[in-house]
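# Architecture and fold: a report
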Amino acid sequence: MKRSFLLWYVLLVQSFSGAWSSVGGSLHCEYSNSVILHRPHSVSITEFGAVGDGVTLNTKAFQNALFYLNSFSDKGGAKLFVPAGQWLTGSFDLISHLTLWLDKGATILGSTSSENWPVVDPLPSYGRGRELPGRRHRSLIYGQNLTDVVITGENGTIDGQGSIWWDWFRNGELNYTRPHLVELMNSTGLIISNLTFLNSPFWNIHPVYCKDVVVKNLTILAPLDSPNTDGVDPDSSTNVCIEDCYIVTGDDLVSIKSGWDEYGISYARPSSKIKINRLTGQTTSSSGIAIGSEMSGGVSDIYIKDLHLFNSSTGIRIKTSPGRGGYVRNVHVSNVKLHNVKKAIRFTGKYGEHPDGNFDPKALPAIEKITFENVSGEDIGVAGLLEGIEGDEFKNICFLNVTLTLKKNSKKSPWKCSHVRGYSQWVSPEITCDSFEESIFPEHSSDCFGLSESNLEKSSGLSRSPWLLSW
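Everything numeric here is computed off the predicted structure, so don't read it as measured data.

What counts as what
Residues numbered from 1 in each chain as written. Predicted model: local features only at pLDDT ≥ 70, side-chain atom pairs only at ≥ 80, totals over all residues. Heavy atoms only, no water. Helix = DSSP H or I, 4+ residues; strand = E, 2+ residues; numbered from the N terminus. Contact = heavy atoms within 4.5 Å. Core = buried A, V, L, I, M, F, W, Y, C linked by side-chain atoms within 4.5 Å. Buried < 20%, exposed > 50% of the residue type's maximum accessible area, 1.4 Å probe, protein only. Disulfide = S-S within 2.5 Å. Arc of directions from axis to C-beta. Salt bridge = Lys/Arg side-chain N within 4 Å of Asp/Glu carboxyl O. Pairing = 2+ DSSP bridges. Patch = residues over 30% accessible without salt bridge, like charges linked within 9 Å, V, L, I, M, F, W, Y side chains within 5 Å. Areas by Shrake-Rupley, 256 points an atom, 1.4 Å probe, with all protein chains shown as cover. Lys, Arg positive; Asp, Glu negative; His and termini not counted. Charge placed at Lys NZ, Arg CZ, Asp CG, Glu CD. Phe/Tyr/Trp six-rings, centres within 6.5 Å; stacked < 30°, edge-to-face > 60°. Lys NZ or Arg CZ within 6 Å of the ring centre and 35° of its normal.

### Details of the overall build of the protein
A count of helices and strands for the protein gives 6 helices and 29 strands. Within the protein, residue pairs in contact and separated by at least 24 positions form 77% of the contacts whose partners lie at least 6 positions apart.

### Things to note about the nonpolar core
Leu80, Leu94, Ile151, Phe197, Phe347 and Phe399 are the most contacted members of the largest nonpolar core, which totals 93 residues. The element contributing the most residues to this core is strand 24 (residues 327-348), with 9 residues. The residues contacting leucine 80, other than those within four sequence positions of it, are Val43, Ser44, Ile45, Phe62, Ala65, Leu66, Leu69, Leu98, Thr99, Leu100 and Trp101. One finds Leu123, Tyr126, Met185 and Trp260 within the second-largest nonpolar core, a separate group that totals 9 residues.

### A look at the state of the cysteines
Summed over the entire model, instances satisfying the criterion amount to 2 disulfides. Each sulfur in the disulfide pair cysteine 398 and cysteine 448 lies 2.1 Å from the other. An S-S torsion of about -80 degrees defines the bridge between cysteine 398 and cysteine 448 as left-handed. Remark: cysteine 448 occurs in the loop between strand 29 (420-428) and helix 6 (453-458) and cysteine 398 occurs in strand 27 (residues 394-406); sequence separation between them is 50 residues. On the basis of relative accessible area, cysteine 448 is assigned to the buried category, the value being 6%.

### Side note on helix 3 (residues 59-69)
In an α-helix, one turn spans 3.6 residues; hence positions three or four apart end up facing the same way. Among all positions of helix 3, only Thr59, Ala61, Phe62, Ala65, Leu66 and Leu69 are buried. The arc that holds the buried residues of helix 3, viewed along the axis, is 165 degrees, so those residues lie on one side. Residues of helix 3 that are exposed and point more than 90 degrees away from the buried face comprise Lys60 and Phe67.

### A word on helix 4 (residues 163-170)
If you check which residues of helix 4 are buried, you get Trp165, Trp166 and Trp168. Down the axis of helix 4, the buried set is contained in an arc of 160 degrees. They therefore lie on one face. In this fold, the buried residues of helix 4 make contact with strand 11 (136-137). Just downstream of helix 4, glycine 172 is the residue with a positive phi angle, here 65 degrees.

### Regarding the pattern of salt bridges
Pairing is possible between side chains of opposite charge, provided their charged atoms come close. Throughout the structure, instances matching the rule amount to 21 salt bridges. Put simply, aspartate 167 and arginine 170 hold a salt bridge, and the shortest N to O gap is 3.7 Å. With aspartate 167 and arginine 170 both in helix 4 and 3 residues apart, this pair spans about one turn of that helix. Taking the relative accessible area as the measure of exposure, arginine 170 reaches 43% and is therefore partly exposed. The partner of glutamate 243 in a salt bridge is arginine 278, and the shortest N-O contact between them spans 3.6 Å. Separated by 35 residues along the polypeptide, glutamate 243 in strand 19 (residues 238-248) and arginine 278 in strand 21 (residues 271-282) bring together distant segments of the chain.

### So, the sheet that holds strand 7 (residues 92-93)
Strand order in the open sheet formed by 4 strands is 7-12-15-17, and the pairing between neighbours is parallel. With partners counted over all chains shown, the strands left at the sheet margins are strand 7 and strand 17 (205-208), one partner each. Across 2 bridges, strand 7 lies against strand 12 (residues 141-144) in parallel orientation. Across the sheet, the residue bridging to aspartate 93 is tyrosine 142, located in strand 12.

### Remarks on the pairing of strand 27
Relative to strand 27, strand 25 (residues 366-380) runs parallel, the two sharing 9 bridges. Looking at the pairing, glutamate 373 lines up with leucine 400 of strand 27. The pairing of strand 27 with strand 29 spans 7 bridges and is classified as parallel. Residue pairing across strands places phenylalanine 399 opposite serine 424, the latter belonging to strand 29.

### So, a negative patch on the surface
A surface patch of like charges, here negative, comprises Asp434, Glu437, Glu438 and Glu443. With respect to the secondary-structure elements, aspartate 434 resides in the loop between strand 29 and helix 6.

### Comments concerning the pairing of strand 26 (residues 382-387)
A large share of strand 26 lies buried, amounting to 5 of its 6 residues. Judged from the 5 bridges that link them, strand 24 and strand 26 form a sheet pairing that is parallel. Within strand 26, the position partnered with arginine 346 by the bridge is leucine 385. Summarising the sheet, strand 26 and strand 28 (residues 415-418) pair through 4 bridges and their orientation is parallel. Directly across from leucine 385, in strand 28, lies its bridge partner lysine 416.

### So, the packing of aromatic side chains
By convention here, two paired aromatic rings are described through the distance between centres and the angle between planes. In this structure the tally under the stated criterion is 15 aromatic pairs. Geometrically, the ring pair formed by phenylalanine 62 and phenylalanine 92 is stacked, given 4.5 Å between the ring centres and 10 degrees between the ring planes. One end of the pair, phenylalanine 62, is in helix 3; the other, phenylalanine 92, is in strand 7, with 30 residues separating them in the sequence. With respect to class, phenylalanine 62 is no different from phenylalanine 92; both count as buried. Taking the centre distance of 5.9 Å and the plane angle of 45 degrees together, the rings of tyrosine 303 and phenylalanine 449 count as tilted. Here tyrosine 303, found in strand 23 (residues 299-319), pairs with phenylalanine 449, found in the loop between strand 29 and helix 6; they are 146 residues apart in sequence, far enough to count as distant. We note that tyrosine 303, like phenylalanine 449, is buried. Between lysine 79 and the ring centre of tryptophan 101, over which it is positioned, the NZ or CZ distance is 5.1 Å. The ring of tyrosine 327 has arginine 329 sitting right over it, with the charged end atom 4.2 Å from the ring centre.

Given below as structure tokens:
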């Protein structure tokens, strides 16, 4: 390996190593991409015969370009430049040490013919396709066992043209599970930034079994009634940062996953060290942030901050079920603003949906140390619908400085709790459930994950009173 490549690789590692640090118990996602975005070799997709007329199928052009660029993987990597135009294509594979650059006005269009989306084996942690038994269609942009991949540009667009897939799903005409827009498997050092994603057939962005992932400055859009068009779904992945995104879709804006029932338990690949920061969006059917329901490999060390959700169904939701096994622990949610949201916070302990009849109903999940801090909302339907599992109580659930103004003339109880236990302080409307009657301070702050230093300092000598609700 040449000395120049060794130097470049050291700089690459250093640029990523600063992306995930722990300070005061929380993750920081700052990173420098100047080295990563500089590639010594660059080609345009037009050099391989691609035509950007929105009609010509360019799958071979993408495949040939990437095959050629692979020869530079040990020479500092390469950039595939996609200029302005409508570039219709089927599924294609990425390579390591690559920047896929979509210029201003460039749109990669997914083919509306299912034959251009190959069928592949199900994920081992799922055991089958997510919506149908058996295999699944491969994503439009796909890669596995990769290192150092950047998908970015000057706000170019990746459009899955998913409406035909949604119709096939609604009409029961699918033979295999629908494809994602981007799926990267078993890969390290990934950046997806400065792009618009439209009309995914299924989930938009799916890093699975990955490490060191940055998703930043994205706009992700699909009709509010489009089925299962999740925004970003980190799955059995670690060191993931999702920042500065605007997402409006027909399902969860972000959903953290780690495998499904006995398959996820056996594969045992958790999701951990995930930060979601400065996310704005809307979903009328699902949640701003969801954990689960596929969480059988475990989920831990999750930091969610500066979430703004409007005109939506649910703010934050944890979904699980008997048979899932696994765990969700050490989750900190802070600085949340909700407007016109039906359910601000929801735990669902009996979500159901199993891959087959072989799951173990005695495999119960452990849900613990979940903290909600500095949450505000207006025009809220229900403050909290907290449903655990009988005989498997969700514990150390903490609410600190939560102020939710309910809809006028609402006759629903603001809080409903079953098989969930924790602590609360400075919450309005007050949590009247017996399992939350104890205050956080002074005796239970250590039972609550990730409390901010400012609130810890202000807690000294304070009683459970509402006069600090407006911090």
